[in-house]
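Reading the structure
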Amino acid sequence: MARSSAPCCEVRFLVLHTYPDGIKAYGHERLTIPIGRRGKPVKKMRLIPAERAHALARKLQGRFGTTVSVL
């Protein structure tokens, strides 16, 4: 039985959580925005390569009232 040597790349989802009140606490409103390959918001979650997802997360982190998740 031969194994294929096709290139393998892990894929991830990138999600931006925005807190309109600026308060990151339990019970406060949170908007979840899926982010696409180009770093723009999309309507539904898209799979993107893991390296690209982590690069975009580093770029988006640090904004006031937001949290970035790579799922």
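Check the entry above for the structure.
Presented here is an overview of the structure given in this document. (Residues numbered from 1 in each chain as written. Predicted model: local features only at pLDDT ≥ 70, side-chain atom pairs only at ≥ 80, totals over all residues. Heavy atoms only, no water.)

Here we come to the pairing of strand S2 (residues 14–18). Burial of S2 is extensive: four of the five residues sit out of reach of the surface. In this sheet, strand S3 (residues 31–35) lies alongside S2 in antiparallel orientation, the contact comprising five bridges. Across the sheet, Leu16 pairs through a bridge with Ile33, a residue of S3. For S2 and strand S5 (residues 66–70), the ladder comprises five bridges, and the chain directions are antiparallel. Bridging from a neighbouring strand, Leu14 pairs with Val70 of S5. (Buried < 20%, exposed > 50% of the residue type's maximum accessible area, 1.4 Å probe, protein only. Helix = DSSP H or I, 4+ residues; strand = E, 2+ residues; numbered from the N terminus. Pairing = 2+ DSSP bridges.)

Before going further, it helps to examine helix H1 (residues 50–60). Within H1, burial applies to Ala50, Ala53, Leu56, Ala57 and Leu60. The arc that holds the buried residues of H1, viewed along the axis, is 130 degrees, so those residues lie on one side. Relative to its buried face, H1 has exposed residues pointing more than 90 degrees away, namely Glu51, Arg58 and Lys59. Just downstream of H1 lies Gly62, where phi reads positive at about 95 degrees. (Arc of directions from axis to C-beta.)

On to a positive patch on the surface. Residues Lys40, Arg52, Lys59 and Arg63 make up a contiguous surface patch of positive charge. Position of Lys59 relative to the elements: it lies in helix H1. (Patch = residues over 30% accessible without salt bridge, like charges linked within 9 Å, V, L, I, M, F, W, Y side chains within 5 Å. Areas by Shrake-Rupley, 256 points an atom, 1.4 Å probe, with all protein chains shown as cover. Salt bridge = Lys/Arg side-chain N within 4 Å of Asp/Glu carboxyl O. Lys, Arg positive; Asp, Glu negative; His and termini not counted. Charge placed at Lys NZ, Arg CZ, Asp CG, Glu CD.)

Moving on, we get to the sheet that holds S2. Pairing is antiparallel in the open sheet, where three strands are placed in the order S3-S2-S5. Of all the strands in the sheet, just S3 and S5 have a single pairing partner and so form its edges. Averaged over all adjacent pairs, the angle separating strand axes in this sheet is 25 degrees, with direction ignored. (Axes fitted to C-alpha atoms, helices over the stretch in contact; angles between N-to-C directions.)

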